[in-house]
Amino acid sequence: MVEPVRSALWLGEVAAASLAGGVVGSISGLGGGIVIVPVLTVIMGLPIQVAIGASLVSVIAVSSGAGSVYVKDRVTNVRIAMFLELSTALGAIVGAGLLAPILQSHTRVLYILFGLVLLTSLIPVLFKIAEELPQGVQNDRLATRLKLNGSYFDHRLNRTVEYNVTGIPAALGYMFSAGIISGLLGIGAGVVKVLAHEIAMKVPTKVSTATSNFMIGVTAAAGAGVYLHRGDVMPFIVAPVAAAVLLGAYLGTKLMERLSNSRVRQIFAGALGVVGLEMLSRGFGWRL
Amino acid sequence: MALDVEATSELENGVSQARRPAEATEQRAPRVKTSSGAPGRLQVQDVAAWSLRAGVITSVSVMLLGLLVSFLRHPPTVQQMEHTRNFDYRFTALLSGILHGDGPSIVGLGVFLLVLTPIARVAISMVTFAIEEKDRLYAVITFFVLAMTLVSLILLH
């Protein structure tokens, strides 16, 4: 084959994976790495570090691209995001600054533990898989104080949905752990953020994923230094990734706002299972 | 079900709290204000949305420009694309690359701008909370988020 054609096909392959990653990432609130990492490593045979570098760029691009739509449409709860980011950011500093030097040689164990935790947390999600909107949720004290309850216009139900927010102390714990995991393993840990919104705070699923989507960009940007420094952010990979993932994220937002909360939760549950298995495979060193 | 009076009173005009949300919400306009900012002022949501969009579109355009420049100058092979790494992320090195029309350096600038986007969003939100929404609590919360984000950006190197 002529060389320029091969190059174009290669770029097309990266872009196709990223387009799909952008759609899934923007709906599930996880940011695209979930599709991009396996495609780049398993199908295209690139090293895992390079795939993770691409995933970092993807997370920031999806978070910003989809975020601009979800925030403008008021699906994202900006107050929840800002308040919980405090806890995540603190966790990331503790994880990277204090724990990473101690636990550095045990990354594989950490991946396995994280994978097991994620697969276990599938259970409460599956329990309420068909639930459209959370019922009977009362604001807890902190939620009232911080004005965290909110409302969004649901295009599927064709009405404004008001929701209360509970379980803030537990959510702060989830977010702190999410930060620690990001600091230790250098991953966005978007799954933990969605779980905090879904399981602890009991907000509607679309608000959960949109708010997580909004938060992961900041966490990823805060940890970007390592990847840039190591040279894992490779120009001919991240450029097509960023462009295609942005387009995918835009399509994803249009789709998500029209889906039911229950469907969005199903997509998230699927993604959660995949991420859990992916973490186990990294821990055990399986080549999928 | 208790609605937060502070957040809803200006819209509901003192409608009894005992009303169920499902009934109460049907008459509302799609874009409901959840913040307590004065009407007509900039809301943090709009400012955040605008800054994210501007940042991501600019950075992705710069990256695509870098890709285009690379292909126009001497099209890289798959082998080269798989192995071109190590942007020099010192700003001076990046700048001299860009001035020499080096495609990968231009992509590097785009990556830089992309990483700055969410951080700029936090900074701009902080200012909006403080000045436009007059919400001191959230301005302080956002300040700490910004400070810790910058600390970890420096710490993680």
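Residues numbered from 1 in each chain as written. Chains lettered and ligands numbered in written order. Predicted model: local features only at pLDDT ≥ 70, side-chain atom pairs only at ≥ 80, totals over all residues. Heavy atoms only, no water.

**Q** Could you give me a rundown of the overall build of chain A, with the residues and numbers involved?
**A** When helices and strands are counted, chain A shows 12 helices and two strands. For chain A, the sequential pattern of α-helices and β-strands runs α-α-α-α-α-α-β-β-α-α-α-α-α-α. Within chain A, the proportion of its 288 residues that are buried is 65%. When contacts within chain A are restricted to residue pairs at least 6 apart in sequence, those whose partners lie at least 24 apart make up 81%. (Helix = DSSP H or I, 4+ residues; strand = E, 2+ residues; numbered from the N terminus. Buried < 20%, exposed > 50% of the residue type's maximum accessible area, 1.4 Å probe, protein only. Contact = heavy atoms within 4.5 Å.)

**Q** How would you explain the pairing of strand β2 (residues 159-163) of chain A if you had to name every residue and give the values?
**A** All names here are of chain A. Judged by how many residues are buried, β2 sits mostly within the fold: four of five residues are covered. Across five bridges, the pairing between strand β1 (residues 150-154) and β2 is antiparallel. Pairing of Gly150 across the sheet is with Tyr163, part of β2. Count of turn residues in the β1/β2 antiparallel hairpin: four residues, of which Asn158 carries a positive phi of about 55°. (Pairing = 2+ DSSP bridges.)

**Q** Go over the packing of helix α9 (residues 205-222) of chain A against helix α12 (residues 261-284) of chain A, please, and point to the residues and values.
**A** Residue and element names in this part refer to chain A. Running from N to C, α9 and α12 cross one another at 50°; their axes reach a closest spacing of 8 Å. On the basis of their axis angle, the class for α9 and α12 is oblique. Contacts between α9 and α12 pair Thr205, Lys206 and Thr209 from the former with Asn261, Val264 and Arg265 from the latter. Here the contact of α9 with α12 is composed, by residue class, of one nonpolar, three polar and two charged. (Axes fitted to C-alpha atoms, helices over the stretch in contact; angles between N-to-C directions. Parallel < 35°, antiparallel > 145°, perpendicular 65-115°, else oblique. Nonpolar A, V, L, I, M, F, W, Y, C, P; charged D, E, K, R; others polar.)

**Q** Any details on the layout of surface pockets? Residues and values, ideally.
**A** Residue and element names in this part refer to chain A. If you add up the space inside the largest pocket, you get close to 1100 Å³. Lining the largest pocket are 48 residues, with Tyr111, Leu185, Gly186, Ile187 and Tyr227 positioned closest to its centre. Among the elements that line the lining of the largest pocket, the one with the most residues is helix α3 (residues 48-72), at six residues. Its residues assigned to classes, the lining of the largest pocket shows 29 nonpolar, 15 polar and four charged. (1 Å grid on protein atoms, 1.4 Å probe; cavity = no way out; pocket = protein on both sides within 12 Å on 5 of 7 lines; lining within 4 Å. Points joined across faces, edges and corners; volume = space filled by probe spheres on them.)

**Q** Describe in detail the interface of chain A and chain B, supporting the description with residues and values.
**A** Across the boundary between the two partners, chain A contributes 72 residues, which contact 72 residues of chain B. Summing both sides of the interface, chain A and chain B together bury roughly 6500 Å²; the carbon and sulfur share of this comes to 69%. Looking at the side of chain A facing chain B, the largest losses of area belong to Arg74, Glu162 and Phe236 of chain A, adding up to 12% of the total buried there. On the surface where chain A and chain B come into contact, there are five salt bridges. Glu133 of chain B serves as the salt-bridge partner of Arg79 of chain A, at 3.3 Å between the closest nitrogen and oxygen. Applying the counting criterion to the chain A and chain B interface returns 12 residue pairs in polar contact (both at pLDDT 80 or more). Of all the elements in the fold, those that place two or more residues in the side of chain A that touches chain B are α1 (3-28), α3, α4 (78-103), β1, β2, α9, α10 (224-230) and α11 (235-258) of chain A. Looking at which element gives the most residues to the side of chain A that touches chain B, the answer is α3 of chain A, with 12 residues. (Buried area = accessible area lost by both parts, 1.4 Å probe. Salt bridge = Lys/Arg side-chain N within 4 Å of Asp/Glu carboxyl O. Polar contact = N/O pair within 3.5 Å; in protein donor to acceptor, adjacent residues only side chain to side chain.)

**Q** Which residues make up helix α2 (residues 33-43) of chain A, and what are the values?
**A** Residues and elements named next belong to chain A. Within α2 the residues assigned to the buried category are Gly33, Ile34, Ile36, Val37, Val39, Leu40 and Thr41. Turning to α2, the residues buried within the fold contact α1, α3, α11 and α12. Phi turns positive one or two residues past the end of α2, at Gly45, with a value near 70°.

**Q** Any details on the nonpolar core? Residues and values, ideally.
**A** Trp10, Leu40, Val233 and Ile237 of chain A together with Val111 of chain B are the most contacted members of the largest nonpolar core, which has 59 residues in total. Judged by nonpolar contacts, the second largest core, of 33 residues, contains Leu148, Tyr163, Val203 and Val207 of chain A. (Core = buried A, V, L, I, M, F, W, Y, C linked by side-chain atoms within 4.5 Å.)

**Q** Pulling in residues and values, what's your account of the confidence of the model for chain B?
**A** Scored by pLDDT, chain B has a mean of 77; 71% of the residues are at 70 or more. Scored below 50 in pLDDT, residues 1-38 of chain B shows 67 contacts in the model against residues more than four places distant or in partner chains. (pLDDT = per-residue confidence, 0-100.)

**Q** Could you give an account of unusual backbone geometry, with specific residues and numbers?
**A** Residue and element names in this part refer to chain A. Phi at Arg74 is positive, roughly 65°, even though this residue is not glycine. Mapped onto the fold, Arg74 is located in the loop between α3 and α4. Positioned with a positive phi, Lys147 is a non-glycine residue whose angle comes to about 55°. Tracing the sequence through the fold places Lys147 in the loop between α6 (141-145) and β1.

**Q** Hey, could you go over the side chain of Lys128 of chain A for me, with residue numbers and the actual values?
**A** On the secondary structure map, Lys128 of chain A appears in the loop between α5 (107-127) and α6. Filtering out sequence-adjacent residues up to four positions away, Lys128 of chain A remains in contact with Glu198 and Arg265 of chain A.

**Q** Account for the environment of Arg265 of chain A, naming residues and giving values.
**A** Residues and elements named next belong to chain A. Among the structural elements, Arg265 can be located in helix α12. Considered as a pair, Arg265 and Ile129 are 136 residues apart in the sequence and their alpha carbons are 6.4 Å apart. Apart from the residues lying within four places of it in its own chain, the contact partners of Arg265 are Val125, Lys128, Ile129, Ala130, Glu131, Glu198 and Thr205.

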